[in-house]
2 protein chains.
Amino acid sequence: MNLPSKVTICEVGLRDGLQNETKIFQTSEKLELATGLIAAGFKVIELGSFMSPKAVPQMADTDKLFQDLNHIDGVELRALIANKKGVERAINCGCRKVKLNVSASRQHNLANLNMTPEESVAGFEEIVNIALQHGIEVSGSISMPFGSPWEGDMPLESVQSIVEAYLNVGVTEISLSDASGMAVPNQVYSMCSNMQERYPQVKWWLHFHNTRGMAMANILAAMQAGITQFDSSFAGLGGCPFVPGATGNVSSEDVVHMMDEMGIETGIDIEKLIELSKKVRQIVDHDTDSYILKAGRSKDLIRK
Amino acid sequence: MNLPSKVTICEVGLRDGLQNETKIFQTSEKLELATGLIAAGFKVIELGSFMSPKAVPQMADTDKLFQDLNHIDGVELRALIANKKGVERAINCGCRKVKLNVSASRQHNLANLNMTPEESVAGFEEIVNIALQHGIEVSGSISMPFGSPWEGDMPLESVQSIVEAYLNVGVTEISLSDASGMAVPNQVYSMCSNMQERYPQVKWWLHFHNTRGMAMANILAAMQAGITQFDSSFAGLGGCPFVPGATGNVSSEDVVHMMDEMGIETGIDIEKLIELSKKVRQIVDHDTDSYILKAGRSKDLIRK
């Protein structure tokens, strides 16, 4: 079984997790979690987003988080942005990494924005240029590359065409995000193999939701295809935007636990991570989709 | 990605699921579920066990189930047994397939039975002979071959030695059962590869619990190693015997859904299966670990 010896996990709970919660976390709680994550060994953290505070009130204090944490070296703190206003906020608060997103679904994009996904990405050019001029790195996400509620199956050529649109505007770090939880392992394997072979210059991330219980199998398949960078969310926080009540992002502690037990290095202290995820679950005050929070680590089961 | 075109799923919910429930199902409810499973396309079903009704009251009516269903051809209905009394009950009610079980953990077996696992299996010889004389097929299960709460890691040689003990008493159908939910994909892959290469005469089954969220990834790894027979439980019913409150068997509808979406044939009608699992969840009247019951199939998401 062909597997990497080491992977990088980006904690997205502070953004993709918390934006799905009705309860708005206090800035002090977020700061405590972020510093805890750094202490646990995370080197990449999605701290928040620069969206309209009216549309996403949970992320209204993202600027403050960056102001407080942007002095930290050796940890990439990234924010999701959607427009020029977003990159301006990033500049002002000292954020050094932003992520753009486009839907791979043509119908979704046309209905929402009256543009094809490629036109949306082409429209990012000005934002990318402003960011780069200010020393801010830019990555691009493609959501639903493995299937969408609009089209069903997603043709590979359609995803390639969006990747090329990103390359055209100078973005070479790309995330494939299965937000609808439709990806299956053999599809993930062939998509990841194809993408890496065709675009070796790209730094890939995979972002899986566990909506239909396949996230861990998809991570396994992606690793077999050579992918080493994955998003996950503390306590499994998050949701499926198309299925109310469904589970969301794969849980960070479940992923790190599997990597630990498989002998794949993450650099993350799982005991510290579990403590943070327990704190998160306590704040949100509802059950979440995290196996390790329920069952504990395999190691904990072993009688001394 | 090397995968089979077709797999066989054994529904174990009526045994491994229901024996973990405090609510005792009525015989009529079990019969309705069993006939529903057959109508949905299952060709192998674990119907119950012949244990002491005092120890496992949930399984007390297993004889009655076999009496009512043993006329059905083309479907293997199996029962778990532990001793000579069990095989005698199997003979009397027309059960044609029994399964024995031994713990791979030496310490567990010594503490419980004052015997090594190999001695336990050697002691099955009389039971196997009686069964075979009466035209009853026998399979053997090995629980915790991927790790146990007593020893932690399980040496491969230790599992091989139990497999050989089964072969010595004439059992050539063997199930590896991760009841403690400690298995990880690369370990599953190497164990399954090794076992099939070393014992090509054995018909293998893999039985995964989703205690730590890894069951689907483990099934993927096992398929890549050539395994094509898996146990699962409707609605994800079952428990981890060592972790109170933890989730149990991987859910049948989650497994069949993944196979469907991967293009791997199961012969099972997932819509019928989902209806049965909903009925099960209604009877047990508590939430269970089934993603498809919560989120629906990927196909259901696609807008018409």
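In case you missed it, the structure is sitting above this.
Residues numbered from 1 in each chain as written. Chains lettered and ligands numbered in written order. Predicted model: local features only at pLDDT ≥ 70, side-chain atom pairs only at ≥ 80, totals over all residues.

## Quick look at the interface of chain B and chain A
If you look at the interface, chain B gives 41 residues, while chain A gives 41 residues. When residues of the side of chain B that touches chain A are traced back to their parent elements, those giving at least two are helix 9 (185-198), helix 10 (215-224), helix 11 (252-262), helix 13 (291-295) and helix 14 (298-301) of chain B. Ranked by residue count, the leading element in the side of chain B that touches chain A is helix 11 of chain B, at five residues. Of the residues belonging to the side of chain B that touches chain A, the class tally is 24 nonpolar, twelve polar and five charged. (Contact = placed C-beta atoms within 7 Å. Helix = DSSP H or I, 4+ residues; strand = E, 2+ residues; numbered from the N terminus. Nonpolar A, V, L, I, M, F, W, Y, C, P; charged D, E, K, R; others polar.)

## Observations concerning the relation of the copies chain B and chain A
Superposing chain B onto chain A takes a rotation of 180° plus a shift of 0.0 Å along the axis, which leaves an RMSD of 0.0 Å. The superposition operator between the copies reduces to a two-fold rotation axis. Across chain B, the rotation axis passes nearest the C-alpha of Ala-217 of chain B, at a separation of 1.9 Å. Most of the interface of chain B is mirrored in chain A, where 100% of its interface residues again form contacts. (Least-squares fit on C-alpha atoms with pLDDT ≥ 70 in both.)

## Regarding helix 2 (residues 27-40) of chain B
Residue and element names in this part refer to chain B. Taking 1.5 Å of rise per residue, 14 residues should cover 20 Å, and helix 2 covers 20 Å from first to last C-alpha, within 8% of that figure. Among the residues of helix 2, those classed as buried are Lys-30, Leu-33, Ala-34, Leu-37 and Ala-40. The buried residues of helix 2 all sit within an arc of 125° when viewed along its axis, so they share a single face. Away from its buried face, by an angle of more than 90 degrees, helix 2 presents the exposed residues Ser-28 and Ala-39. Taken together, the buried residues of helix 2 touch strand 1 (8-11), helix 1 (13-17), strand 2 (44-50), helix 3 (62-69) and helix 12 (270-284). Following helix 2 by one or two positions, Gly-41 has its phi on the positive side, about 110°. (Expected span 1.5 Å × (residues − 1). Buried ≥ 20, exposed ≤ 12 C-beta atoms within 10 Å, placed from the backbone. Arc of directions from axis to C-beta.)

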